[in-house]
Amino acid sequence: MEDVDIASKLQRFMKDQLSNLTSVVTSGGVDNMEDYKYILGQIRTYEYILQEISNLLNKKELNADD
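Definitions and cut-offs
Residues numbered from 1 in each chain as written. Predicted model: local features only at pLDDT ≥ 70, side-chain atom pairs only at ≥ 80, totals over all residues. Heavy atoms only, no water. Helix = DSSP H or I, 4+ residues; strand = E, 2+ residues; numbered from the N terminus. Expected span 1.5 Å × (residues − 1). Buried < 20%, exposed > 50% of the residue type's maximum accessible area, 1.4 Å probe, protein only. Core = buried A, V, L, I, M, F, W, Y, C linked by side-chain atoms within 4.5 Å. Contact = heavy atoms within 4.5 Å.

Visitor: Teacher, can you tell me more about helix α1 (residues 3-26) here?
Guide: Each full turn of the α-helix corresponds to 3.6 residues, which orients residues three or four apart in the same direction. In this model, α1 (24 residues) spans 34 Å end to end at C-alpha, consistent with the 34 Å of a helix rising 1.5 Å per residue. Of the positions making up α1, those classed as buried are Ala-7, Gln-11, Met-14, Leu-18 and Leu-21. Taken from the residues just after α1, Gly-28 is the one with a positive phi, measuring 80 degrees.

Visitor: Got a minute to help me understand the nonpolar core in this structure?
Guide: Within soluble globular proteins, side chains that are nonpolar tend to cluster in buried spots. In terms of nonpolar packing, the biggest core is built from 11 residues, these being Ala-7, Met-14, Leu-18, Leu-21, Val-30, Ile-39, Ile-43, Tyr-46, Leu-50, Ile-53 and Leu-57. Put simply, the parts of the chain that give this core at least two residues each are α1 and α2 (33-65). Of all the elements, α2 adds the most residues to this core, at 6 residues. Setting aside its immediate chain neighbours within four residues, Ile-39 contacts Leu-21, Val-24, Val-25 and Val-30.

Keep in mind these values describe shape, not function.
Written out as C-alpha cells, the structure is:
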C-alpha cells in the first residue's frame, strides 16, 4: 500500500471522528464541563493532525513535481 493511500484512509477516519465529536458537542450530548473540555481537546488534536497530514501530502506532491 502506498503512503498516500494510508494517509488518505487515516484522514478519512480522523474526519469521521472529528464529525462525531462535533455532533456530540453541538447536540448537547456532554454532561459536565470536564467531559466538554476533554472532547474539545480531542477536536483540537484531530484538527491539528489533519492539518499536519495535509501539509505533508502537499510537500510530497511538490517534491514529486520537481
